[in-house]
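# Tertiary structure, described
Here are the chains, one letter per residue:
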Amino acid sequence: MGNRVLSDLFAPSRVAVVGATESEGSIGRAIVTNLRDDFDGETVPVNPKYDEVFGLRCYPDLGSAPDVDLAVVVVPPHVAVDVVRDAGEAGVRNVVVVTAGFGETGREGAEREKELQEVAAEYDLNLVGPNSLGVMSTPVDMNATFGPDNALPGSMSFMSQSGAFITAVLDWANDEGLGFKDVVSLGNKAVLDETDFVRAWADDPDTDVILAYLEGVEDGEAFISAAREATDDTPIVMVKSGRTEAGAQAVSSHTGTLAGSDRAYEAGLRQAGVLRVENVQELFDFAQILAGQPLPERDDVAIVTNAGGPGVMTTDAVGDSNLSLASFSEETLDALSEAMPEEANIYNPIDAIGDADIDRFREAIDLALADENVGAAVVLSAPTAVIDYPALAEEIVELQAKHGKPVAATLMGGERTEKAKDVLREGGVPNYFDPARAVRSLDALVSYRDIGRREYEEPTTFDVDEERAEEILSRAKDRGDNRLGVEAMGLLDAYGIPTPDGTVVDAPEDAVAAAQNIEGDVVMKIVSPDILHKSDIGGVRVGVSNEDVYDAYEDLVTRARNYQPDATILGVQVQAMVDLDSGTETIIGMNRDPQFGPLLLFGLGGIFVEILEDTTFRVAPVSEREAREMIDEIEAAPLLRGARGRDPADVEGVVESIQRLSQLVTDFPAILELDVNPLVATPDGVRAIDIRLTVDTDEL
């Protein structure tokens, strides 16, 4: 879907309410009165039962009404689709379907929603909902929702999958004096989803921050690319709720067990540059500072306070964050010692002590912000008889503007902070009751600054043998089983991931011939999609010499038959030995997430994978830099780079293998999960020893 122009959705000059009524307690009544009371444009009631609603002329249908830019539909579900068709016929491009009773209610509702999508596609409608609270836009004072309050004007735009969440947030934001530009309740996202609004608000000069409350993302790949573009200029802060199951298949791979859908969100949102928060408080803490304050040049924070205890709390919070405590220059320390009383602390955190008045506070803040070692500041004050909070707030706003560095305020106290908070808010300086929240918010500014500095690399495209890979994958279809094991090693070979010499044979004579073509002793493994942990049943023999191959073949097959008489046995793999002692066993894998698609995993492999869970994730396709970051993120990275006198492994080979796997799983959506475990990294290169994958045979 290309970029949709949604300006008329949020800035219509005429809005129709289809299903308008004066009936007490009805949604149609609530929306008409919300629009009639505030909206700058014209409100047009539509309902064949009435000639007028609240003194406004009422039309029988959209066809007979004057041209409208936006239709809000609040009719019963069985007529809603017809009304949307009428809107399309009448040339209305923007439609909000408030009506519930669609995909959220079972089969009949799901069919109705499909019909709604078809009508929207036929007339190319920008359709919000169904099952939506509605939309708001403060520049035109439009409250086309059935919520009780309009939003205050501001520069944050907010989307939510839950309508109830919007009403609760607006109620709270209105008390706090926080304002919005556009607000949309996504409902069932039959047509417009989070990606469309990210694109629209990224292009909107009046939206400074995009906020989202989402239970799921419809199309992870589209969302990542839209958010990446948006976050160059416009931060996105999101609460992602709900932990979903990682796909419908029973997860049989290590990667699948470890991935889980929340890991996909973590990885996908991080790659998209979205700041994910845990709760509503953080959503607005971060939003306020991102909307009002510049980005810091440095990560070093100065703390100015009149209270020792809270100063120490703030210092602890800095220790828990990615920020650091600034060290003042000699000049700053000299100036502070001249300006402050003897018992004050001039080192960071600056404690101007309890009798500090406005002048002392001003001098301390001014000197701290002027220091070139300082990137940002927290100004913290406990209420005292000598402090006039509104006057202190004015000084903070003035000094922040003078130095152009971000400041977070913590004016502690209840009622006496109210007026000061208004002064700070107008100056764009957020105030937090708890200093730890102030520090976390400054940390969010640093995270967003780093996101803005990221350069996106295109993934490398390797020269591979796609036809051969397809032929190997289609064997699963021919066999009527969706699992493949070491018999699919050729898949890695086709994509240039190094494997030891070897082959799968189904007779002892062939095993002997295969072993003679391989230098030195060999490893032999039973090949069966039904036997996952081969070593547990004695299904692996290591270091077999040529003369023992025949007997080893028969022994492996006998053991497998005794262990699991109904198992499908495809034969035995004969493979060159790899020196595991000189290498590090890693795992590379993929699990296909229902929303984000292929989720790549890298970590320590072999027997450690599920015990240590030292793993990291990215959504494919990945660039070379992202593949390298995956290696750096695991705790065992020093092992690969040659810690404790070990020879460093071929890290470049691992980086390339991750990228090649990324290309394989992107090229073949039929691969649902895949493990290469272990991928052994030695000083001389990497070798994939074992593979397991599950495919969707219908996709092949």
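A brief structural summary.

Once that is clear, we can look at the pairing of strand S13 (residues 236-240). The two faces of the sheet receive side chains in turn, since in a regular strand these alternate between them. Among the five residues in S13, five count as buried, and that is most of the element. Burial of the side chains of S13 extends over both faces: Ile236, Met238 and Lys240 are buried on one face and Val237 and Val239 on the other. Pairing between strand S12 (residues 209-214) and S13: five bridges, direction parallel. Residue pairing across strands places Leu211 opposite Val237, the latter belonging to S13. You can see the chain leave S12, run along helix H7 (residues 220-230) and come back into S13, and the turn it takes is right-handed.

Another aspect to go through is helix H5 (residues 163-176). In an α-helix, one turn spans 3.6 residues, which is why side chains three or four residues apart end up on the same side. In this model, H5 (14 residues) spans 20 Å end to end at C-alpha, consistent with the 20 Å of a helix rising 1.5 Å per residue. When H5 is considered as a whole, its buried residues turn out to be Phe165, Ile166, Val169, Leu170 and Ala173. Angular distribution of buried residues about the axis of H5 spans 130°; they occupy a single face of the element. Of the exposed residues in H5, the ones pointing more than 90 degrees away from its buried face are Ala164 and Asp175.

This part covers a negative patch on the surface. Judged by side-chain charge, Asp506, Glu509, Asp510, Asp521, Glu547, Asp548, Asp551 and Glu554 come together as a negatively charged surface patch. Put simply, the parts of the chain that give the negative patch at least two residues each are helix H18 (508-516) and helix H19 (549-563). Inspection of the secondary structure assignment puts Asp506 in the loop between strand S21 (502-505) and H18. Judged by relative accessible area, which is 59%, Asp506 ranks as exposed.

Here we come to the packing of helix H10 (residues 308-320) against helix H15 (residues 435-453). At their nearest, the axes of H10 and H15 sit 8 Å apart, and the two run at 35° to each other. The two elements H10 and H15 cross, and the hand of that crossing is right-handed. Mapping the contact onto sequence places Pro310, Met313, Thr314, Ala317 and Val318 in H10 and Pro435, Ala436 and Val439 in H15. Of the residues contributing to the contact of H10 with H15, the split by class is seven nonpolar, one polar and no charged.

So, on to a nonpolar patch on the surface. A surface patch of nonpolar side chains, about 460 Å² in accessible area, is lined by Ile607, Phe608, Ile611 and Leu612. Along the chain, Ile607 turns up in the loop between strand S26 (597-604) and helix H20 (609-612).

Aromatic ring pairs: the centre-centre distance and the angle between the two ring planes describe each pair. Applying the stated criterion across every chain, the model contains eleven aromatic pairs. With a centroid separation of 6.0 Å and an interplanar angle of 35°, the aromatic rings of Phe10 and Trp201 are classed as tilted. A residue pair is termed long-range when its members are at least 10 positions apart, and Phe10 in helix H1 (residues 7-10) and Trp201 in helix H6 (residues 194-202) qualify at 191 residues. Residue Phe10 is classed as buried on the basis of its relative accessible area of 5%. The interplanar angle of 90° and the centroid separation of 5.0 Å between the aromatic rings of Tyr265 and Phe596 together place this pair among those described as edge-to-face. Of the two residues, Tyr265 is situated in helix H8 (residues 254-272) and Phe596 in the loop between strand S25 (584-593) and S26; the sequence distance between them amounts to 331 residues. For Arg112, the ring lying beneath its charged end belongs to Phe102, and the centroid distance is 6.0 Å. Note that Lys240 overlies the ring of Tyr265, its terminal NZ or CZ placed 4.2 Å from the centroid.

Note on placement: Gln400 falls in helix H13 (residues 389-403). Here Gln293 takes part through its side chain, which lies 3.4 Å from a polar atom of the side chain of Gln400. Here Gln400 is in contact with Gln293, Pro294, Leu369, Lys405, Pro406, Val407 and Val429, once residues within four sequence places are set aside.

We now examine the pattern of salt bridges. Scanning all chains against the criterion turns up 44 salt bridges. Between Asp481 and Arg483 there is a salt bridge whose closest N-O contact spans 3.3 Å. On the accessibility criterion, Asp481 (15% relative accessible area) is buried. The partly exposed category is assigned to Arg483, whose relative accessible area is 26%.

Looking at where Ser623 falls in the secondary structure, it is placed in the loop between strand S27 (615-619) and helix H21 (624-633). The class of Ser623 is buried, set by a relative accessible area of 2%. Excluding residues that lie within four positions of it along the chain, Ser623 makes contacts with Glu457, Glu458, Pro459 and Gln659.

So, about the packing of H13 against helix H14 (residues 418-426). Taken N-terminus to C-terminus, the directions of H13 and H14 make an angle of 15°; their axes are 8 Å apart at the nearest point. By the angle between their axes, H13 is roughly parallel relative to H14. Judged by the sense of rotation from one axis to the other, the crossing of H13 with H14 is right-handed. Between H13 and H14, the residues in contact are Tyr389, Pro390, Ala393, Glu394, Ile396 and Val397 and Lys419, Ala420, Val423 and Leu424, respectively.

Reading guide: rules and limits
The residue numbers shown here count from 1 along each chain, following its written sequence. Confidence filtering applies because this is a predicted model: local features only for residues at pLDDT of at least 70, side-chain atom pairs given and counted only at 80 or more, and all residues used for totals across whole chains, interfaces and linings. Side-chain metrics rest on all non-hydrogen atoms present in the structure, leaving aside hydrogens and water. Type-normalised accessible area, obtained with a 1.4 Å probe on protein chains alone, sets the label of each residue: buried when under 20%, exposed when over 50%, and partly exposed for intermediate values. Where helices and strands are cited, they refer to DSSP runs of H or I of at least four residues and of E of at least two residues respectively, numbered from the N terminus. Here, any two strands with at least 2 DSSP bridges between them count as paired. Seen with its strands pointing away from the viewer, a crossover is right-handed if its path from the first strand over the helix to the second goes clockwise. For a helix, the expected span equals 1.5 Å multiplied by the residue count minus one. Note that the arc is defined by the directions from the helix axis to the C-beta atoms. The patches reported here contain residues having more than 30% relative accessible area and no salt bridge. Joining distances are 9 Å for like charges and 5 Å for nonpolar side chains (Val, Leu, Ile, Met, Phe, Trp, Tyr). In short, Shrake-Rupley with a 1.4 Å probe defines the accessible areas, and a residue's cover is counted only from the protein chains shown. The working definition used for a salt bridge is a side-chain nitrogen of Lys or Arg within 4 Å of a carboxyl oxygen of Asp or Glu. Note on charges: Lys and Arg go in the positive column, Asp and Glu in the negative column, and His and the chain ends are not counted at all. A charge is said to be at NZ when it belongs to Lys, at CZ for Arg, at CG for Asp and at CD for Glu. All axes are obtained by fitting lines to C-alpha atoms, using only the stretch in contact for helices, and the reported angles, taken between N-to-C directions, cover 0 to 180 degrees. In this scheme the handedness of a crossing depends on how the near helix is turned from the far one: anticlockwise by less than a right angle means left-handed, clockwise means right-handed. Two residues form a contact once any of their heavy atoms are found within 4.5 Å. Gly is placed with the polar residues, together with every amino acid not listed as nonpolar (Ala, Val, Leu, Ile, Met, Phe, Trp, Tyr, Cys and Pro) or charged (Asp, Glu, Lys and Arg). The rule is short: rings of Phe, Tyr and Trp, with Trp giving its six-membered ring, pair when the centres are within 6.5 Å, and they are stacked under 30 degrees, edge-to-face over 60, tilted in between. Charge-over-ring contacts are defined here by two conditions on Lys NZ or Arg CZ: a distance within 6 Å of the ring centre and an angle within 35 degrees of the ring normal. The term polar contact refers here to a pair of N or O atoms within 3.5 Å; inside protein, the definition further demands a hydrogen-donor-capable atom paired with an acceptor-capable atom, and it admits residues adjacent in sequence only when both atoms are side-chain atoms. Working rule for angles: under 35 degrees goes down as roughly parallel, over 145 as roughly antiparallel, 65 to 115 as roughly perpendicular, anything else as oblique.

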